[in-house]
Amino acid sequence: MKRNRLNNLLVVVLFLVLLIVFFWKSITLQGVFITGDLSASDIMDQNYPMRNFLSQSLKNGYFPLWNPYVFCGFPSFAEGQGGFFYPLNLLLFYLLPAYLAYNYSVILTFFLAGLFTYIYARAIKLSRFSSLLAGVIFIFSGFFVSRLKHINMINSACWLPLLFFLIEKYFQTKKIRYVILSGIVWGMQILAGHFEIAYYSMLGVGCYFLFKLYTVYKKEKKARIIPKNFAIFILVVLIGVSLSAVQMIPSYEYSKYSIRTEGLSYEETTMWTFYPEGLITFLLPYYYGDPAKATYQQRRGIFWENCAYVGLLPLLLAFISLFSLFKKYKLHRNKQTIFSIEIRQYIIFFSCLILLSLLTVMKRSFFLFKIFWLFLPGFKFFRFQQRLLLFTEFSLVILAAIGFEFVVQKLRKAEINVFRSVVFLIIVTDLFIFGIKHNPTISPEEWFSKPETVNFLEKDKSQYRIYSFGHFYTWPVAYRLAQGWKGDLTPYLGHRKVLPENFNMVYNISSAGGYTSLFLRRFSQLESILWKNSSLFQDGSAILSSQAIKILSLLNVKYIPTIWRLQNDRLEMKMESEFYPEMPKVKVYENRQFMPRAYIVPQARILSSEKEVLGMLAWEKFNPLKEALIEEKINHGSQSTEGSNVEIIRYSPLEVVVKTSLTNDGFLVLSDTYYPGWKVFINGKEGKILQANYIMRTVPLDKGDYEVKFVYAPQSFKIGLIITFVALGLVFLFSLRKLVFSRNK
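Structural notes, computed from the coordinates. (Residues numbered from 1 in each chain as written. Predicted model: local features only at pLDDT ≥ 70, side-chain atom pairs only at ≥ 80, totals over all residues. Heavy atoms only, no water.)

**Describing helix H11 (residues 176–191)**
Counted at 1.5 Å a residue, the expected span for H11 with its 16 residues is 22 Å, and the 23 Å between its end C-alpha atoms agrees. Within H11, twelve of the 16 residues are buried, which leaves it mostly tucked inside the rest of the structure. Taken together, the buried positions of H11 are occupied by Tyr178, Val179, Ile180, Ser182, Gly183, Val185, Trp186, Gly187, Met188, Gln189, Ile190 and Leu191. (Helix = DSSP H or I, 4+ residues; strand = E, 2+ residues; numbered from the N terminus. Expected span 1.5 Å × (residues − 1). Buried < 20%, exposed > 50% of the residue type's maximum accessible area, 1.4 Å probe, protein only.)

Pasting the structure below:
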């Protein structure tokens, strides 16, 4: 027993050594991750800023339910991709500085993926070395290495092997604790911030469950085990959903207001796909170019979505395991076949899983994907079906480990250790050469130093927002100038100066824009009006019409950082800063027409539909300082509120307090996003918030003086939190009962 523990400890140490070598700059705090591609960097534009916001919130003593820095206010927690309730995120981002927590979160994820793969391989009775090999291949495979920028995705995916392990242990022991642990792990996948991976994981584990159920039924020939085990699988799902209810219920509420309310169309779902000719990348991952050198041909799809490289030797070993199905070699000392019937069944299962996942994602076999899209609940809410390649990779990894066992069994004892060393060295070298280029870092001192644009904006202490105009053009420029991320990284430092959407959060600067894959539908519609009324030209100039300026003004946008030369009489350039030699300078324009964060209007115009509101917002004669556009009937207002005063006396993520003095009946308009969960208290008494100007909050007030307090206390979060704690309590009581029972026994 002690020897087994020591050997397992050595495996853990070896995983850590490999990760230290691979991520040495990140571990020693000499670098932070900046990887991206031609179009964007999800680290810079989404994942790091959101986790930095989580870190700031936790350290300031509140939970980040509402984010005031993007989209004029946004329920970042409900949107889900921040992984705000993922236990490892709560721990790391509370205890450590944000960039350090981000680095270690990535590295811990790789470690867990390897460790869980190792213990699963051991559970199906592979040797310790073969299991170690499986773990190493999995963590340095294309799925994980090329998705460093998608931290929420790999946070979720790393738990997949543990799910397989727990299902395996349940069928081996019939102990209910493995069922409960499976539910807990699936809940962790959901909380990690990538529901698509969690959803796919349950589909894959469901296939594995059916496989194990079939093998048990074939052995026992008892029909009653089928409904019993189906109930067990449903229990796994229910536990996972219950434990993650604190995230799932707010996310469900959010989905009703997002652009994916009805799911995605078939065309949207299959916009980026995996072509059969892409199979060559299993052998030559950079056959179509290398994103690290800015040579990848994106017409072939998105590199990291299509990348499933596991190494040349592991691929060969996987094929050898398939070959073993048709051979019956004998062991040296007994008459058994080289692999037991059970191992042969695993080879068949994982081979079928590879075939199923590949046929589902490949363009020319889309009939299978379309069946899933039409008939599997929830399937149509996701893009990038190539993420099912996770199962292709995991299956290849297990088959490679089995194939290695097959080869080793044929060797003489004296040859085995040398063979193991050579195989390990070849695989690690191959995967490191492949993956190390996807691990670019930059000095944290440089990356988080304040750009000149931030220094300028911080001088203005008033309540305002920015709008980074056309920032999505500057990242491709930086990417090309830096030749991917293998050349001079200075252009990326220039890109920071335009304060791309979400990166403004790092400096606590509020923006009317933002970046997420799951936009609020109304904000998306409003922003489309802005862009329909803007024109970009190849000479670097851009014209913003009066309607575009009106939309920006309505959203409290005072400053516009951009590399474009903006043309509009209402805009005045206030500063310039170098982007990169021979490139247009970064400019900050002031919008002289901008409207305050909170203001009073005398009356409302009642409109009956969203379309009417959008049309009125774009109408030249609409004056938002004179009236608010409201979509429900109300008999309130006056001809004039001239002389009224408004002052924001407290503005925090979960509470906004405004003092008002009205000379006549009118409406207080707050240019923050209208969303369920916000309540208003007028001089201590609860009032009603109306939706104004398509996305904003307004409160009708009579003549007089008021303290108006907006408080964010979403019912969806409270309900979800209660369900999660009840589920945790039940799991704890069950565990306690089992512990007491086992001791008494």
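**Digging into the pattern of salt bridges**
In total, this model carries 20 salt bridges according to the counting rule given. Here Glu610 and Arg521 are joined by a salt bridge, their closest N and O atoms 2.9 Å apart. With Glu610 in helix H28 (residues 610–618) and Arg521 in helix H26 (residues 521–532), this pair connects stretches of sequence that are 89 residues apart. Through salt bridges with shared partners, a single network forms among Arg147, Glu196, Glu305 and Arg387. (Salt bridge = Lys/Arg side-chain N within 4 Å of Asp/Glu carboxyl O.)

**A few points about a nonpolar patch on the surface**
On the surface, Leu6, Leu9, Leu10, Val13, Val17 and Val21 cluster together to form a nonpolar patch covering roughly 520 Å² of accessible area. Summarising the element assignment, Leu9 is placed in helix H1 (residues 2–22). (Patch = residues over 30% accessible without salt bridge, like charges linked within 9 Å, V, L, I, M, F, W, Y side chains within 5 Å. Areas by Shrake-Rupley, 256 points an atom, 1.4 Å probe, with all protein chains shown as cover.)

**Quick word on the pairing of strand E9 (residues 586–591)**
Looking down a regular strand, the side chains alternate between one sheet face and the other. Burial analysis of E9 places six of its six residues in the buried class, the great majority of the element. Covered by surrounding structure in E9 are Val586, Val588 and Glu590 together with Lys587, Tyr589 and Asn591, the residues of both alternating faces. Here strand E6 (residues 557–562) pairs with E9 via four bridges, running antiparallel. When the sheet's bridge partners are listed, Ile560 is paired in E9 with Tyr589. Strand direction decides the pairing type here: strand E8 (residues 571–577) and E9, joined by six bridges, are antiparallel. (Pairing = 2+ DSSP bridges.)

**Here's the deal with a positive patch on the surface**
Judged by side-chain charge, Lys174, Lys219, Lys222, Arg224 and Lys228 come together as a positively charged surface patch. For Lys174, the position within the fold is in the loop between helix H10 (160–173) and H11. Among the residues examined, Lys174 registers a relative accessible area of 41% and is labelled partly exposed. (Lys, Arg positive; Asp, Glu negative; His and termini not counted. Charge placed at Lys NZ, Arg CZ, Asp CG, Glu CD.)

**Quick notes on the sheet that holds strand E16 (residues 678–682)**
Ordered in space as E13-E14-E20-E16-E17, the five strands form an open sheet in which the pairing is antiparallel. The outermost strands of the open sheet, each flanked by one partner alone, are strand E13 (645–652) and strand E17 (685–686). Pairing of E13 with strand E14 (residues 655–662), which is carried by seven bridges, proceeds in the antiparallel orientation. Its bridge partner being in E14, Glu647 is matched across the sheet by Lys659.

**Notes on the packing of helix H12 (residues 195–220) against helix H13 (residues 225–243)**
Close contact between H12 and H13 brings their axes to 11 Å; oriented N to C, the two are set at 155 degrees. By the criterion of interaxial angle, the relationship of H12 to H13 is roughly antiparallel. The chirality of how H12 crosses H13 is right-handed. Facing Met202, Val205, Gly206, Phe209, Leu210, Leu213, Val216, Tyr217 and Glu220 of H12, the residues of H13 in contact are Ile225, Ile226, Asn229, Phe230, Ile232, Phe233, Val236 and Val237. (Axes fitted to C-alpha atoms, helices over the stretch in contact; angles between N-to-C directions. Parallel < 35°, antiparallel > 145°, perpendicular 65-115°, else oblique. Left-handed = near helix turned anticlockwise from the far one by under 90°. Contact = heavy atoms within 4.5 Å.)

**Quick notes on the environment of Phe319**
Turning to its location among the elements, Phe319 is positioned in helix H17 (residues 312–324). Judged by its relative accessible area of 52%, Phe319 falls in the exposed class.

**What to know about the nonpolar core**
Phe110, Tyr120, Phe140, Tyr208, Phe350, Tyr492 and Phe710 are the most contacted members of the largest nonpolar core, which totals 245 residues. Beyond its immediate sequence surroundings of up to four residues, Tyr120 is in contact with Pro161, Phe164, Phe165, Glu168, Tyr208, Tyr346, Phe350, Phe394 and Ile398. Within the second largest apolar cluster, five residues are counted, among which are Ile239, Leu243, Ala727 and Val731. (Core = buried A, V, L, I, M, F, W, Y, C linked by side-chain atoms within 4.5 Å.)

**Some thoughts on the side chain of Ser638**
Relative to the helices and strands, Ser638 resides in the loop between strand E12 (627–630) and E13. Within polar-contact distance, the side chain of Ser638 engages the backbone oxygen of Ser640 at 3.3 Å. At a separation of 2.6 Å, a polar atom in the side chain of Ser638 contacts the main-chain carbonyl oxygen of Asp665. (Polar contact = N/O pair within 3.5 Å; in protein donor to acceptor, adjacent residues only side chain to side chain.)

**Details of the sheet that holds strand E7 (residues 565–567)**
Ordered in space as E4-E5-E7, the three strands form an open sheet in which the pairing is mixed. Every other strand in the sheet has two partners, leaving strand E4 (534–536) and E7 as the edge strands with one partner each. When the angles between neighbouring strand axes are averaged without regard to direction, this sheet yields 20 degrees. As paired strands, E4 and strand E5 (residues 541–544) are joined by three bridges and run antiparallel to one another. By the bridge assignment, Ser534 is partnered in E5 with Leu544.

**Points about unusual backbone geometry**
The phi dihedral of Phe71 is positive, around 55 degrees, even though this residue is not glycine. Inspection of the secondary structure puts Phe71 in the loop between helix H3 (42–59) and helix H4 (76–79). For Phe71, a relative accessible area of 3% gives the class buried. With a phi close to 50 degrees, Asn693 is a non-glycine residue in the positive phi region. Looking at where Asn693 falls in the secondary structure, it is placed in the loop between strand E18 (690–692) and strand E19 (696–701).

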